[in-house]
Amino acid sequence: SETLILKSLNGAVCTLTLNRPAALNSFTAAMHEALAAELDAVAADARVRCLLLTGAGRAFCAGQDLSDPLVSPEAGQPPKDLSVAIDRHYKPLVLRLRRMPVPVVVAVNGVAAGAGANLALCGDMVLAARSASFIQAFSKIGLVPDTGGTWMLPRLVGRARALALAFLGDKLPAEDAERYGLIWRCVDDEALMDMAQSLASRLARMPTKALVATRLAMDQAQLTALDGALDAEARLQRELGVAYDYQEGVAAFGAKRAPVFTDR
Ligand code: T3D
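Reading the values: the criteria
- Residues numbered from 1 in each chain as written.
- Predicted model: local features only at pLDDT ≥ 70, side-chain atom pairs only at ≥ 80, totals over all residues.
- Helix = DSSP H or I, 4+ residues; strand = E, 2+ residues; numbered from the N terminus.
- Buried ≥ 20, exposed ≤ 12 C-beta atoms within 10 Å, placed from the backbone.
- Contact = placed C-beta atoms within 7 Å.
- Pairing = 2+ DSSP bridges.
- Right-handed = clockwise from strand over helix to strand, strands pointing away.
- Expected span 1.5 Å × (residues − 1).
- Axes fitted to C-alpha atoms, helices over the stretch in contact; angles between N-to-C directions.
- Near = placed C-beta within 6 Å.
- Core = buried A, V, L, I, M, F, W, Y, C linked by C-beta atoms within 7 Å.
- pLDDT = per-residue confidence, 0-100.
- Arc of directions from axis to C-beta.

## What to know about the overall build of the chain
Item 1. When its secondary structure is counted, the chain shows 10 helices and 10 strands.
Item 2. The principal-axis extent of the C-alpha atoms belonging to the chain is close to 80 × 45 × 35 Å.
Item 3. The burial tally for the chain puts 38% of its 264 residues in the buried class.
Item 4. Here the analysis covers contacts within the chain between residues at least 6 apart in sequence; of these, 68% occur between residues at least 24 apart.

Quick look at the structure:
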């Protein structure tokens, strides 16, 4: 049978390629299972120091395969429980990527729609071909953005753009995606894979644990509720307020002179 996920190792960079090009690499249960197995293999393989994810053919990924019996409404049958696909496939997929013990580069080679768009945004650094595009297709079929979209989109581009993208489901060209800060960079089509490879090789030569800790720390800080952030500010302020430099800073302000800070 068809190999749904292609894998190649180039030095310390492992490339995984979604490979159902005739259906624009949309997700069936079988492709989900193949990708999950490959992601676990990458995570366990000490030779791999960067993961590069891309798609075969003219698309990156068109999201859920809407003809899959798991999600496809059937006449005369009760409606499908879509949370099954999320619990079984999409949630573990997002968590596998966000917890990957090596940096994750995504090379968006063509259209990324629905869950495919939000899958791309799970990468640590996302490059896209100039001809690629991002479509939050969910609203067109009466759904909310999933695969982490509700979490990721407002963080990446802010509420105004996130809601407009999600409401309208319009095609966002890669150049606009770069301008919005949705992705790291848009590059010429013919340069995409070389640039993605060299970026991945560069990351592979860096301190892997530090990069992964940086991703985790940034995600964690985003998760902190305002309350918790205010408490953290109070703790720091208490420490700093009894230190010399605060006494000196306030004294200098009152005396209209330049402060001389000495703490370290
Ligand atoms: O919980 C749940 O499980 C719900 C899950 C939700 C997650 C989601 O991802 S919901 C969103 C699902 N995705 C979409 O709604 C996108 C559907 N696709 C499109 O809108 C268009 O295909 C594109 C804009 C991505 C590309 O358009 P275009 O004109 O370049 O290509 P096309 O002709 O529409 O597609 C080419 C073929 O791929 C075509 O098959 P054919 O006619 O050549 O045999 C088309 O049916 C197939 N294809 C594309 N997307 C899907 C698909 N087949 C099944 N599922 C798809 N998502």
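The structure having been displayed, the exposition proceeds.
## What to know about the pairing of strand β3 (residues 50-55)
Item 1. Taking burial as the measure, the six residues of β3 include six buried ones, the bulk of the element.
Item 2. Both faces of β3 are covered, namely the face carrying C50, L52 and T54 and the face carrying L51, L53 and G55.
Item 3. The sheet contact formed by strand β2 (residues 13-18) and β3 spans six bridges and is parallel. Opposite L16, over in β3, you have L53 as the bridge partner.
Item 4. Of the crossover connections in this fold, the one passing from β2 over helix α1 (residues 29-44) to the parallel β3 is right-handed.

## A few points about helix α8 (residues 208-223)
Within an α-helix, residues lying three or four positions from one another point in the same direction, as the helix has 3.6 residues per turn.
Item 1. An ideal rise of 1.5 Å per residue puts 22 Å on 16 residues; α8 measures up with 23 Å between its terminal C-alpha atoms.
Item 2. With respect to burial, α8 is a largely exposed element, only zero of its 16 residues being buried.

## Focus: the sheet that holds strand β7 (residues 125-129)
Item 1. Reading across the sheet, the six strands line up as β1-β2-β3-β5-β7-β10 and stay open at both edges, with mixed pairing between neighbours. The strands lining the two open edges of the sheet, one partner per strand, are β1 (5-10) and β10 (185-187). Mean inter-strand twist for the sheet, computed between neighbouring axes without regard to direction, equals 20°.
Item 2. Note that β1 and β2 share six bridges and pair antiparallel. Bridging across to β2, I5 finds its partner in L18.
Item 3. Helix-sheet contacts for helix α7 (residues 192-204) involve β1, β2, β3, β5 (104-108), β7 and β10, and the interaxial angle to β5 is about 175°.

## Let's talk about the site of the ligand
Item 1. Taken together, 23 residues sit near the ligand, with A62, G63, A85, G114 and A115 positioned nearest.
Item 2. Breaking the shell around the ligand down by element, the ones donating at least two residues are α2 (83-98) and β6 (111-113).

## Some thoughts on the nonpolar core
Item 1. Counting residues in each nonpolar core, the largest one holds 71 residues, and the members touching the most others are L51, L52, V105, V108, A112, L127 and A128.
Item 2. Take this core: its biggest share by element is six residues, from α7.
Item 3. In contact with L52, other than residues within four places in its own chain, are V13, C14, T15, V105, A107, A196, Q197 and A200.

## Examining the confidence of the model for the chain
Item 1. On average, residues of the chain carry a pLDDT of 91, and 91% of them reach 70 or more.
Item 2. With pTM at 0.88, the complex prediction returns an ipTM value of 0.97.

## Description of the sheet that holds strand β9 (residues 171-173)
Item 1. Pairing within the open sheet is mixed, and its four strands lie in the order β4-β6-β8-β9. Bordering the open sheet on either side are β4 (59-61) and β9, each of which pairs with just one other strand. For this sheet, the mean inter-axis angle between neighbouring strands, taken without regard to orientation, is 20°.
Item 2. Here β6 pairs with strand β8 (residues 133-135) via two bridges, running parallel. Within β8, the residue paired with A112 across the bridge is F134.

## Topic: α1
Item 1. With 16 residues, α1 extends 23 Å between its outermost C-alpha atoms, agreeing within 8% with the 22 Å of an ideal straight helix rising 1.5 Å per residue.
Item 2. Buried within α1 we find M31, H32, A34, L35, E38, L39 and V42. The buried residues of α1 occupy an angular sector of 165° when projected down its axis, which confines them to one face. Counted as exposed and oriented over 90 degrees from the buried face of α1: A37, D40 and A44.

## Focus on the environment of A107
Item 1. Within the secondary structure, A107 is located in strand β5.
Item 2. Residue classification places A107 among the buried residues on the basis of 28 C-beta atoms within 10 Å.
Item 3. Among residues more than four places away in sequence, those in contact with A107 are L52, T54, L127, L192, M193 and A196.

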